[in-house]
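Listed below are the residues making up each chain.
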Amino acid sequence: MSTTLAKGATGLTTAEVEQRRRDGLTNDVPDRASRSVRDIVRANVFTRINAILGVLFILVLSTGSIIDGMFGLLIVANSAVGIIQEVRAKRTLDQLAIVSQAKPTVRRDGASVEVAPREVVLDDLIELGPGDQIVVDGTVEESALLEIDESLLTGEADPIDKQVGAAVMSGSYVVSGSGCYRATKVGKDAYAAKLAEEASKFTLVKSELRSGIDTILKVITYLLIPAGLLSIYNQLFSSKESWRPAVTGMVAALVPMVPEGLVLMTSVAFAVGVVRLGRRKCLVQELPAIEGLARVDVVCADKTGTLTENGMRLSDIKTLTGFDDTEVRNALAAMAADDPRPNASVQAIAEGLDETPGWRQSAIAPFSSAKKWSGSSYGEHGNWLLGAPDVLLDPQSEDARVAEELGSSGLRILLLARSDRPVDAPDAPGHVDPAALVVLEQKVRPDARETLEYFAGQNVAIKVISGDNAVSVGAVASSLDLPGGDNAVDARELPDDQDELADVLERKTTFGRVRPDQKRAMVAALQSRGHTVAMTGDGVNDVLALKDSDIGVAMGAGSPATRAVAQIVLLDNKFATLPYVVGEGRRVIGNIERVSNLFLTKTVYSVLLAFLVGIAGVGSQIFGYDPIGYPFLPRHVTIAAWFTIGIPAFILSLAPNNERARSGFVARVMRLAIPSGVVIGVATFVAYLIAYAGPDATAQQKEQAGTTALITLIMIAVWVLAIVARPYVWWKVVLIGASVAAYVLLFTIPFTRHFFKLDPSDVGLTTAAFVCGAVGIVLVEAAWWVSAAMQGEKHKLFPASPGGAGA
């Protein structure tokens, strides 16, 4: 036997483990590198937007007008909502991470026990099998053809043979073979821990959505500076008002320029998405993965463990000519019993053949995805192989024909064969004599068909990529009515050239006998054609493809290595959870785009109105006409945002949305927000000029002028809300109706009219306000028509059926 056993292989004693814990020699790396509660509070309180609003709030309070400082509540609301949602998301992530973490098997007091990674101590003996991730650095103490893949650390794709005494690094994983290693570096001293300290920090900001919003905020900052300076100059020096109304007018001009809720809504949408997915036992290891999966247009799905259930059942053993049934069953039972880490197939054989012959194993060849077989040598009892029939058999033989015929019905077929040389020989397997066909039953997941139908309805292509026999893979795909499933491709016939491979992938959907390196190449080929690719898998052979795909999705019951590299882990092992993840991503992106239109429209009209009033004020000094002050009080801009942006935006950000995410977020939002903002700003200014009675106007005339401008602004802003909410469903109609009703009440109830200084009593001015508002509505509608037509999105301009976006 080629296994080398270490001296003292019983591992540490309980007393030795406790002593190392007291000495601090533990693997004390945090389970997750998520932000602490203190960091979350600091990040949500000490923001640029809160600082701007805070300074303006203090200025308003200095005038003695507490009512006009109501916008200061935004500071509390922004911080409180952001903190609450992010803390909820953090707790959900941390709890799920603990559930999903790989638990290494350590040898203590002569027994093998599973422990959490942080419970490993220095000098622990840690057992290894295929798919196991190495959690700390160490030295190999036992090796049975142990091969380690260090590609995640070094970039070297080929597995490395590890003999006794060889060093292993945390973060790598076992490809084949088995053994154990002694922990030599734990905690922050381990190699992977040093890499992960930076690589796995909180990643909320690293997304196209957040980077797009950051770009928008930079542009707004550049606009705020001249608009703000002009407003300050106009209110304090040109308007000839006393300092109190001048300051309140300046604050009223500056406050609405700040898109205070945009970043908040984005954070809340992401955080709520994490919590919602957490309830479905879905661990999002990187928050932008929610967004990334929403952009996916191709899903590469493994067959075993994804479309079919992990468990199998031994259905039949068909002994072939020249072999005895008892000998065949003894060989299978011995191989299954001697496998230290049996996969699903070997486990099914072991459960079906519970009596072992007691043969002594002299050599072992672990299974690997590259060679598609495993083997054991038993001295006088022979050298036995268990693997893929289409790899070990002559394809022209009768046995190969029978195996293919059985596999075409969706059964999993393995070949038991005898070799003429030891299985660990350099030229193994050598000459192979087929002994039996082992028939295993796989059960198709009951929710697989519904899931595939969902993706088909969402124009997301499915590619079934499996290491199993192509005929068997095709049978499973056909049973699920996957287009092209009846014409499966044998990956051994695929071209190596990336362009040619991409051509095949565009035409075909089902592939069998795919090697790990081919899975990786297929992902790259699809990406070369502009596709956003998600890869699902549960086995160690899926790791490289998962790592290279745009979004890696691992099954919770899969190997630790797959869970380590995937951005999303389905802890319930249900492929059917994936549509919910996609839907959540689409909800986040689609709704943030909707509410971005509202916030940025407000910013555009606020900046433009400040420029128009400021330029008019400067012009009054040059040309000698009456100076013009800002039309609104801070309380006016506060109530203008309540029911056109604040409350509706929050509701819209949490609503369902099934549109697939597209690139070009910034350009698309600006094409819609700029025309709307310009129309509102100009129409409001015109209405104000009509009502403006000069610097010597009475207090009532000033209220009426401000009210006239405010009515025009609110009318058009509500219409923008109505456009953004399209297509309509009942609750959106109620939302818009409630906003209109709220403003009607504010302008008609005597108490609110007095409290907010509203005076719509002048019929002529109010009529002028409605006329300006109506003209503005027509212009906004026309602008959105043109913008949507340019983007080929006319369907968004009219109410659609409940099945449409946002339903």
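The rules behind these values
- Here the residue numbers are simple positions, counted from 1 along each chain's written sequence.
- Per-residue local features are limited, in this predicted model, to residues with pLDDT of at least 70; the limit for side-chain atom pairs, both in listing and counting, is 80 or more; totals at the level of whole chains, interfaces and linings are taken over all residues.
- Hydrogen atoms and water are omitted, and side-chain values are computed over all heavy atoms in the structure.
- Only DSSP runs of H or I with at least four residues qualify as helices, and only runs of E with at least two residues qualify as strands; both kinds are numbered from the N terminus onward.
- Buried, partly exposed and exposed residues are distinguished by accessible area as a fraction of the type maximum, computed with a 1.4 Å probe on protein chains only: under 20%, between the cut-offs, and over 50%, respectively.
- For this analysis, residues touch if any pair of their heavy atoms sits within 4.5 Å.
- For the accessible areas, the method is Shrake-Rupley and the probe is 1.4 Å, while residue cover comes only from the protein chains on display.
- Grouping buried Ala, Val, Leu, Ile, Met, Phe, Trp, Tyr and Cys residues that are joined through side-chain atoms within 4.5 Å yields what is termed a nonpolar core.
- The pairing criterion is simple: DSSP has to find at least two bridges between the two strands.
- Only the contacting stretch of a helix is used when fitting its axis, a line to C-alpha atoms as for every element, and angles between N-to-C directions run 0 to 180 degrees.
- Angular relationships are summarised with four words: roughly parallel below 35 degrees, roughly antiparallel beyond 145, roughly perpendicular across 65 to 115, and oblique for the angles in between.
- Crossings are sorted by hand: turned counterclockwise from the far helix by less than a right angle, the near helix makes the crossing left-handed, and turned clockwise it makes it right-handed.
- Asp, Glu, Lys and Arg are counted as charged, while Ala, Val, Leu, Ile, Met, Phe, Trp, Tyr, Cys and Pro are counted as nonpolar; the rest, among them Gly, fall into the polar class.
- In this analysis, the expected span of each helix is defined as 1.5 Å times one less than the number of residues it contains.
- Under this definition, polar contacts are N or O atom pairs within 3.5 Å; protein pairs additionally need one hydrogen-donor-capable and one acceptor-capable atom, and for neighbouring residues in sequence, both atoms have to be side-chain atoms.
- Whether two aromatic rings pair depends on their centres lying within 6.5 Å, for rings of Phe, Tyr and Trp, where Trp uses its six-membered ring; planes under 30 degrees apart make the pair stacked, over 60 edge-to-face, and the rest tilted.
- Two limits define a charge over a ring: the Lys NZ or Arg CZ must be within 6 Å of the ring centre, and within 35 degrees of the ring normal.
- A carboxyl oxygen of Asp or Glu within 4 Å of a side-chain nitrogen of Lys or Arg is what we treat as a salt bridge.
- Grouping into patches uses exposed residues only, defined as over 30% relative accessible area, and leaves out salt-bridged ones; the cut-off is 9 Å for like charges and 5 Å for nonpolar side chains (Val, Leu, Ile, Met, Phe, Trp, Tyr).
- Note on charges: Lys and Arg go in the positive column, Asp and Glu in the negative column, and His and the chain ends are not counted at all.
- Charged groups are reduced to one reference atom each: NZ for lysine, CZ for arginine, CG for aspartic acid, CD for glutamic acid.
- What pLDDT expresses is the predictor's confidence in each residue, scored from 0 to 100.

Engineer: Looking at this structure, I do not really get the overall build of the protein. What am I missing?
Structural biologist: Looking only at helices and strands, one finds 27 helices and 21 strands in the protein. Relative to its 807 residues, the protein shows a buried fraction of 56%. Counted over contacts in the protein with a minimum sequence separation of 6, partners at least 24 positions apart contribute 74%. Here the protein has roughly 33100 Å² of accessible surface; of this, 58% comes from carbon and sulfur atoms.

Engineer: It is not clear to me how the nonpolar core should be interpreted in this structure. Could you clarify?
Structural biologist: If you look at the biggest cluster of nonpolar residues, it comprises 110 residues, and the most contacted ones within it are L293 and I568. Residue contributions to this core peak at 15 residues, all from helix α21 (residues 578-623). Beyond its immediate chain neighbours, meaning those up to four positions away, L293 contacts A534, I551, I568, L578, V581 and V582.

Engineer: Quick question: what am I supposed to make of the sheet that holds strand β18 (residues 510-512) here?
Structural biologist: The strands that make up a sheet are held in pairs by hydrogen bonds between backbone atoms, and each pair lies either parallel or antiparallel. Pairing in this open sheet of 8 strands is mixed, and the strands run β8-β21-β20-β19-β9-β16-β18-β17 from one edge to the other. The strands lining the two open edges of the sheet, one partner per strand, are β8 (282-284) and β17 (489-490). Of the strand pairs in this sheet, strand β16 (residues 461-465) and β18 are connected by 2 bridges, and their pairing is parallel. Each residue of the ladder has a partner; that of I465, found in β18, is F511.

Engineer: How do you make sense of the packing of helix α23 (residues 665-691) against helix α24 (residues 699-724) when you look at a structure like this?
Structural biologist: The axes of two packed helices give the description: the angle between them and the distance between them. Running from N to C, α23 and α24 cross one another at 160 degrees; their axes reach a closest spacing of 8 Å. With respect to α24, the element α23 is oriented roughly antiparallel. In this structure, α23 meets α24 at a crossing whose hand is right-handed. Between α23, through S676, V679, I680, A683, T684, A687, Y688 and A691, and α24, the contact on the second element is made entirely by Q704, A705, T708, A709, T712, L713, I716, A717 and V720. For the contact of α23 with α24, the residue count by class is 12 nonpolar, 5 polar and no charged.

Engineer: It is not clear to me how helix α11 (residues 325-338) should be interpreted in this structure. Could you clarify?
Structural biologist: Since the α-helix packs 3.6 residues into each turn, any two residues three or four apart lie on the same face. For α11, with 14 residues, the first-to-last C-alpha span of 20 Å sits near the 20 Å given by 1.5 Å per residue. Those residues of α11 that fall on the buried side of the exposure criterion are V328, A331, L332, A333, A334, M335 and A336. Between the side-chain oxygen at the start of α11 and the backbone nitrogen of T326 there is a gap of 2.9 Å, and the oxygen is on D324.

Engineer: Would you take a moment to explain the packing of aromatic side chains for this structure?
Structural biologist: For any pair of aromatic rings, the description consists of the separation of the ring centres together with the inter-plane angle of the planes. A full pass over the atoms with the stated rule returns 10 aromatic pairs. Between F755 and F756, the ring centres sit 5.0 Å apart and the planes meet at 85 degrees, which makes this aromatic pair edge-to-face. Overall, the relative accessible area of 6% leaves F756 in the buried class. Among the aromatic side chains, those forming a connected cluster through ring pairs are W642, F643, Y743, F751, F755 and F756. Over the ring of Y580 we find R280; its NZ or CZ atom is 3.5 Å from the centre of that ring.

Engineer: What's the story with the pattern of salt bridges in this structure? I'm lost.
Structural biologist: When charged atoms on two side chains of opposite charge get close, those side chains can pair. Here the structure, examined in full by the defined rule, presents 26 salt bridges. We note a salt bridge from R449 to D481, for which the minimum N-O separation is 2.4 Å. Here R449, found in helix α15 (residues 448-457), pairs with D481, found in the loop between α16 (470-479) and β17; they are 32 residues apart in sequence, far enough to count as distant. According to the relative accessible area criterion, R449 is partly exposed, its value standing at 31%. Judged by relative accessible area, D481 falls into the exposed class, the value being 56%.

Engineer: Help me out: how do you make sense of a nonpolar patch on the surface in this one?
Structural biologist: A cluster of nonpolar side chains, contributed by I674, V678, V682, V686 and I690, occupies part of the molecular surface with about 360 Å² of accessible area. Tracing the sequence through the fold places I690 in helix α23.

Engineer: In this structure, what is going on with the environment of D424? I would like to understand it.
Structural biologist: Tracing the backbone through its elements, the reader meets D424 in the loop between β14 (412-419) and β15 (432-444). For D424, a relative accessible area of 37% corresponds to the partly exposed category. Separated by 49 residues in the primary sequence, D424 and G375 have C-alpha atoms spaced 8.2 Å apart.

Engineer: What's the story with the packing of helix α17 (residues 498-507) against helix α18 (residues 516-528) in this structure? I'm lost.
Structural biologist: Packing of α17 against α18 brings their axes to within 9 Å, and their N-to-C directions diverge by 85 degrees. Classified by the interaxial angle, the pair formed by α17 and α18 is roughly perpendicular. The segment α17 lies against α18, with Q498, L501, A502 and L505 engaging A521, M522, A524, A525, L526 and S528. Split by residue class, the contact of α17 with α18 holds 8 nonpolar, 2 polar and no charged.

Engineer: How should I be thinking about the pairing of β16 in this particular structure?
Structural biologist: The side chains of a regular strand alternate between the sheet's two faces. Of all the 5 residues making up β16, 4 are buried; the element is thus mostly covered by neighbouring parts of the structure. Both strand β9 (residues 298-301) and β16 contribute to a ladder of 4 bridges, which runs parallel. Bridge pairing links V299 to I462 in β16.

Engineer: Is there a simple way to explain the side chain of T603 in this structure?
Structural biologist: By the element assignment, T603 lies in helix α21. Given a relative accessible area of 3%, T603 falls into the buried group. Apart from residues no more than four positions distant in its own chain, T603 is found in contact with I220, P256, M257, V258 and P259.

Engineer: Would you take a moment to explain the pairing of β9 for this structure?
Structural biologist: A two-sided burial pattern is seen for β9, the buried positions comprising V298 and C300 on one face and V299 and A301 on the other. Examined bridge by bridge, β9 and strand β19 (residues 533-537) share 4 bridges and lie parallel to one another. Within β19, the position partnered with C300 by the bridge is M535.

Engineer: Looking at this model, I keep getting lost on the environment of G590. Mind explaining?
Structural biologist: Structurally, G590 is set in helix α21. For the pair formed by G590 and A294, sequence separation is 296 residues and the distance between their alpha carbons is 9.5 Å.

Engineer: Got a minute to help me understand unusual backbone geometry in this structure?
Structural biologist: The bulk of non-glycine residues show a negative phi, and the bulk of peptide bonds are trans. The step from A428 to P429 runs through a cis peptide bond, and the omega angle for that step is 15 degrees. Mapped onto the elements of the fold, P429 is located in the loop between β14 and β15. A cis amide bond links R726 with the next residue in sequence, P727, at an omega value of -5 degrees. Looking at the secondary structure, you find P727 in the loop between α24 and α25 (730-748). The backbone of D123 sits at a positive phi, close to 80 degrees, despite the residue not being glycine.

Engineer: Hey, could you run me through the side chain of T451 in this one?
Structural biologist: Mapped onto the elements of the fold, T451 is located in helix α15. Classification of T451 as buried rests on a relative accessible area of 3%. Look past the residues within four positions of T451 in its chain and what remains in contact with it is F575, A576 and P579.

Engineer: How do you make sense of the environment of G629 when you look at a structure like this?
Structural biologist: The residue G629 is located in the loop between α21 and α22 (634-653) in this model. Residue classification places G629 among the buried residues on the basis of a relative accessible area of 6%. Between the alpha carbons of G629 and Y692 there is a distance of 9.6 Å; along the sequence they are 63 residues apart.

Engineer: What am I meant to see in a negative patch on the surface here?
Structural biologist: A contiguous patch of negative charge, built from D496, D497, D499 and E500, is present on the exposed surface. Examined against the element boundaries, D499 turns out to sit in helix α17. Classification of D499 by relative accessible area gives partly exposed; the value is 46%.

Engineer: Help me out: how do you make sense of the confidence of the model for the protein in this one?
Structural biologist: The predicted structure's coordinates, where accompanied by low pLDDT, should not be read in detail. Overall, the predicted model of the protein reaches an average pLDDT of 80, with 85% of residues at or above 70. Low pLDDT (under 50) marks residues 1-8, which in the prediction has 21 contacts with non-local residues, meaning those over four places away or in another chain. In this model residues 196-206 is a low-confidence stretch, pLDDT under 50, and it forms 19 contacts with partners more than four residues away in sequence or in other chains.

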